[in-house]
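Residue strings, one per chain:
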There are 2 protein chains.
Amino acid sequence: MSPRPKIGLDLTTILETAGVLADQQGIQEITLANLAKKLGIRPPSLYNHFDGLPGLRKKLAIYGIDMLYSRMADAAIGVSGTEAVLAVSQAYVNLAREHPGVYEATLLAPDPEDVDVQQAGEKIVELSVRILQAYHLEGASALHAVRGLRSILHGFSALEQRGGFKMALDLDESLMIIIKAFLAGFAGDSLTTPE
Amino acid sequence: MSPRPKIGLDLTTILETAGVLADQQGIQEITLANLAKKLGIRPPSLYNHFDGLPGLRKKLAIYGIDMLYSRMADAAIGVSGTEAVLAVSQAYVNLAREHPGVYEATLLAPDPEDVDVQQAGEKIVELSVRILQAYHLEGASALHAVRGLRSILHGFSALEQRGGFKMALDLDESLMIIIKAFLAGFAGDSLTTPE
DNA sequence: TGACTTAACTAATATCATTAGTTAAAATAA
DNA sequence: TTATTTTAACTAATGATATTAGTTAAGTCA
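Residues numbered from 1 in each chain as written. Chains lettered and ligands numbered in written order. Predicted model: local features only at pLDDT ≥ 70, side-chain atom pairs only at ≥ 80, totals over all residues. Heavy atoms only, no water.

- Per an unreviewed UniProt entry, chain A carries the name WHG domain-containing protein and comes from Neobacillus novalis.

Following this line, the structure appears as structure tokens:
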């Protein structure tokens, strides 16, 4: 009866659409029903492109991690030292602000241990290691520092997103001060001195 | 036909059960169907105790925030300065580890701006302010510091929970080093010196 | 042209949250 | 004690969802 045009969707289009949906409506609105409606197809048709809702969540997680990495890598171009860390940090929280749904999806993979997900995340870890190398941290210290930086960035982004910071105090200023303090403390000798 | 005993559930029992369910099965398994089954009642009966799934999520969020606060407050007894911050930090991540589902629920309220939720969270902010007062930070600085500490603690807990730290490196050691670095950097003069 | 692959579809099922209306147990008032 | 009210359970029904199975037609390629 009605025409059944073969739209010819590809995965990229679907993920972009899902990303817009997540950013605009919230991550909990990413359902096969909603996504299908936005794409103009019926829910079962989506199974031709990924393996159900868990499959979509995994692909969207990787999509988000890649996007986050590319923003961070971009921000790291042509800068070094503290300036680099600050620039990358700002890029990180900016992505989380501009694409809250996609950012949230970043940590929403059904199985965080999944090889593909881990692999995507490793690039971010490696980038972090590199920009922190300017501080000449020894082996283990460098890893602790990476964990700290990532904790600050994710914690700050997540809390900002959920309205955790309600004081009338500039958010970007907070972030810069926090990162600077963290870096200064790490570069200092306070860690090696016994208390 | 079958006996219909009036169990006489109260909200506390329900929330405790929901907390166990969340910790054991994961937050996504908190459904009215699962909770009702675990309580030995039918799903619609739950509506006598809270206002649907959103109502449960809100109450569980507050339940978790209160639990988190009490652990933190406990850890703050009899200590001060850096020792206090470290103890409270350790208590924070310990709660997230022991009760991953309840901790996650902490930030899962349907409306984070809800008065009751905000009120529960304020106690944690106030406690943080108090343990950071030992550093004699001026007005705005104190608030930036609170944001930083909370970012580190939430970021660290969330990333640890989702397998974000896969290096073979002691997690508690990372946390202590990170907090110490942050505190040292904040207490130092590096913030006021122009770059 | 003809065979194959693919991306859409319909139909059906199971699970879930939710609402409406019911009932009996418990608590309270007379 | 008895009568009334409140409460916490229930059944039944609805709508939304994910998912599976099987179907169809458009596009691709030999």
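### Thoughts on the nonpolar core
Across soluble globular proteins, nonpolar side chains have a tendency to be buried as a group.
Right, so step 1: Grouped together as the largest cluster of nonpolar side chains are 84 residues, with contacts concentrated most on L132 and I179 of chain A together with L132 and I179 of chain B.
Right, so step 2: Apart from residues no more than four positions distant in its own chain, L132 of chain A is found in contact with V85, L137, A145, V146, L149 and L183 of chain A. (Core = buried A, V, L, I, M, F, W, Y, C linked by side-chain atoms within 4.5 Å. Buried < 20%, exposed > 50% of the residue type's maximum accessible area, 1.4 Å probe, protein only. Contact = heavy atoms within 4.5 Å.)

### Looking at the pattern of salt bridges
Right, so step 1: Enumeration according to the criterion identifies 16 salt bridges over all chains in this entry.
Right, so step 2: With a shortest N-O distance of 2.9 Å, K58 of chain B and D116 of chain B are connected by a salt bridge. Remark: D116 of chain B occurs in helix α6 (residues 115–132) and K58 of chain B occurs in helix α3 (residues 52–75); sequence separation between them is 58 residues.
Right, so step 3: Using a relative accessible area of 22% as the deciding quantity, one classes K58 of chain B as partly exposed.
Right, so step 4: The salt bridge involving E104 of chain B is made with R162 of chain B; its shortest N-O contact spans 3.4 Å. Here E104 of chain B is found in helix α5 (residues 100–105), whereas its partner R162 of chain B is found in the loop between α7 (139–161) and α8 (171–187), with 58 residues between them in sequence.
Right, so step 5: Residue R162 of chain B is classed as partly exposed on the basis of its relative accessible area, which comes to 27%.
Right, so step 6: Each of K58, D114 and D116 of chain A takes part in salt bridges that share partners, so that together they form one network. (Salt bridge = Lys/Arg side-chain N within 4 Å of Asp/Glu carboxyl O. Helix = DSSP H or I, 4+ residues; strand = E, 2+ residues; numbered from the N terminus.)

### Considering the protein's contact with DNA strand D
Right, so step 1: In the neighbourhood of DNA strand D, 20 residues make up the surrounding shell, with Y47 of chain A together with R42, S45, N48 and H49 of chain B lying closest.
Right, so step 2: Among atoms of DNA strand D positioned within 4 Å of the protein, sugar and phosphate together represent 68%.
Right, so step 3: One of the backbone nitrogen or oxygen atoms of G8 of chain B is found 3.2 Å away from a phosphate oxygen of DNA strand D.
Right, so step 4: Mapped onto the surface near DNA strand D, the elements with two or more residues apiece are α2 (32–39) and α3 (52–75) of chain A.
Right, so step 5: The greatest single-element share of the surface near DNA strand D, amounting to 3 residues, is contributed by α3 of chain A.
Right, so step 6: Residue composition of the surface near DNA strand D, grouped by class: 10 nonpolar, 6 polar and 4 charged. (Near = heavy atom within 4 Å. Polar contact = N/O pair within 3.5 Å; in protein donor to acceptor, adjacent residues only side chain to side chain. Nonpolar A, V, L, I, M, F, W, Y, C, P; charged D, E, K, R; others polar.)

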